[in-house]
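Here is how the chains run, residue by residue.
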Amino acid sequence: MSKLKIAELFYSVQGEGRYMGVPSVFLRTFGCNFKCAGFGMPRGELSEEANNLALLQDIHDEPLFKKYEDLPLVSTGCDSYASWHPSFKELSPMLTSDAIVDRIMEIIPFHEWKDEHLVITGGEPLLGWQRAYPDLLDHPKMAGLKEITFETNGTQKLTPEFKEYLLNWGIESRGYNALTFSVSAKLPCSGEKWEEAILPEVVCEYEQVGTAYLKFVIATEQDFEDAKRATEEYRAAGFAGHVYLMPVGGVESVYALNNRAVAIMAMNAGLRYSDRLQVPLFKNEWGT
Ligand code: SF4
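The structure presented is a predicted model; accordingly, all values stated were derived computationally and were not measured. In every chain, residue numbers begin from 1 and rise along the written sequence. Local features in this predicted model are restricted to residues whose pLDDT is 70 or higher, and side-chain atom pairs enter the listing and the counts only when it is 80 or higher, whereas totals over whole chains, interfaces and linings include all residues. Note: side-chain values were computed over all heavy atoms of the structure, leaving out hydrogens and water.

## So, the site of the ligand
Residue proximity to a molecule or strand is established when one non-hydrogen atom of the residue lies within 4 Å of it. The local shell around the ligand consists of Cys32, Phe34, Lys35, Cys36, Cys78, Trp84, Gly123, Asn153 and Lys186. Following the grouping adopted for this structure description, the nonpolar residues are Ala, Val, Leu, Ile, Met, Phe, Trp, Tyr, Cys and Pro, the charged ones are Asp, Glu, Lys and Arg, and the polar ones are all others, Gly among them. Split into classes, the residues belonging to the shell around the ligand amount to five nonpolar, two polar and two charged.

## A short note on the environment of Ala236
For helices the rule is a DSSP run of H or I covering at least 4 residues; for strands it is a run of E covering at least 2, with both sets numbered from the N terminus onward. Note that Ala236 resides in helix H7 (residues 221-236). Summary of the burial criterion: residues with accessible area below 20% of their type's maximum are buried, those above 50% are exposed, and those between are partly exposed, where the area comes from a 1.4 Å probe applied to protein chains only. The class of Ala236 is exposed, set by a relative accessible area of 70%. Put simply, Ala236 and Glu201 are 35 residues apart on the chain and 10.0 Å apart in space, counted from C-alpha to C-alpha.

## Some points on a nonpolar patch on the surface
Nonpolar side chains (Val, Leu, Ile, Met, Phe, Trp, Tyr) are joined into patches within 5 Å and like charges within 9 Å, using only residues with over 30% relative accessible area and no salt bridge. Per-residue and other accessible areas follow the Shrake-Rupley method at a 1.4 Å probe size, with only the shown protein chains counted as cover for residues. Here, a salt bridge means any side-chain nitrogen of Lys or Arg that lies within 4 Å of a carboxyl oxygen of Asp or Glu. A contiguous nonpolar surface patch, about 370 Å² in accessible area, is contributed by Leu55, Leu56, Ile59 and Leu64. The topology assignment puts Leu55 in helix H1 (residues 49-59).

## Re the pattern of salt bridges
Tallying each qualifying case throughout the model produces 13 salt bridges. Through salt bridges with shared partners, a single ionic network connects Arg43, Asp223 and Asp226.

## Here's the deal with helix H4 (residues 160-169)
Buried within H4 are the following residues: Phe162, Lys163, Tyr165, Leu166 and Trp169. Taken around the axis of H4, the buried residues stretch over an arc of 160°, which confines them to a single face. Among the exposed residues of H4, those pointing more than 90 degrees away from its buried face are Pro160, Glu161 and Glu164. What the arc covers is the set of directions going from the helix axis to the C-beta atoms.

## A short note on a negative patch on the surface
All tallies of charge rest on Lys and Arg as positive and Asp and Glu as negative; His and the ends of each chain are not included. Working definition for charges: the position is that of NZ of Lys, CZ of Arg, CG of Asp or CD of Glu. Where like charges cluster on the molecular surface, the negative patch consists of Asp98, Asp102, Asp135 and Asp138. In this fold, Asp102 is placed in helix H2 (residues 97-107).

## Here we look at the pairing of strand E4 (residues 117-121)
Counted residue by residue, E4 has five buried out of five residues, so it is predominantly covered. Both faces of E4 are covered, namely the face carrying His117, Val119 and Thr121 and the face carrying Leu118 and Ile120. The pairing criterion is simple: DSSP has to find at least two bridges between the two strands. Inspection of the sheet shows strand E2 (residues 23-29) paired to E4 by five bridges, in the parallel sense. Bridge pairing links Leu27 to Ile120 in E4. Strand direction decides the pairing type here: E4 and strand E5 (residues 148-152), joined by three bridges, are parallel. Of the residues in E5, the one forming a bridge with Leu118 is Ile148.

## Thoughts on H1
Among the residues making up H1, those that are buried are Ala50, Leu53, Ala54 and Gln57. The buried residues of H1 all sit within an arc of 105° when viewed along its axis, so they share a single face. Of the residues in H1, the exposed ones pointing more than 90 degrees away from the buried face are Leu55 and Ile59.

## Considering the side chain of His85
Mapped onto the elements, His85 comes out in the loop between H1 and strand E3 (94-96). Classification of His85 by relative accessible area gives buried; the value is 9%. Note on contacts: a residue pair qualifies if any of its non-hydrogen atoms lie within 4.5 Å across the two residues. Apart from the residues within four sequence positions on either side, His85 is in contact with Phe30, Ala50, Asn51 and Ala54.

Structure follows, in structure tokens:
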């Protein structure tokens, strides 16, 4: 039986993108190929918030943070830092498909799938875990699941085996809309390099097995210009999906500074605006 290293598994409302407001089970896998330490920082500078918390975790004989709920929120860098930072890997257990499904059945309101979405997120959920998802999704209690979103940074190619599996799971048995790739492609404000983060051919391949949309995190006019440039690159490669602009801000004080400005930028460019509902609704706490 396959196992997945699970950072978080919770039931909430999707706060971002095309399925904003949809009741969803969030399965957050451990591990990411990026760090995104540039978010919320002046351009060219990197946040040390996650590393400082990691130091606190490492210097104590007994770990200071014993579960996700103990971890502080950060206002700069990746707001999901504990889902990839090695210092917090002990907080993410390896769980069998059976254990994951049992937990999902406990947390959804009717203890069987109704209209809930499954959001497979991270970290970066399309790293090595692609090989483990078929076992999870083929579990008999997962048969009633109708829709999945992969929240990805858009840098990981689908393996031929997983691509074939997804074609069968989605388009061929549940229809084209059953499978969505929410691609949060990282602009330079993330601190990641353009040539490693903007990979249109990878994202175009996602559109062969489901729908895909792009979601750019925006803090400044420069980010807006970068988002438009990146969109042109994706379009030139044949990307057909929608494009969303979303305000930076894992904490309310940062989010509230620029959500209105980003909405106006999106309107003026004929692009879609995505809120981050989890921030005003739940303060972006772990497990929301
Ligand atoms: S890609 Fe996502 S999870 Fe990975 S470091 Fe960046 S923001 Fe965090």
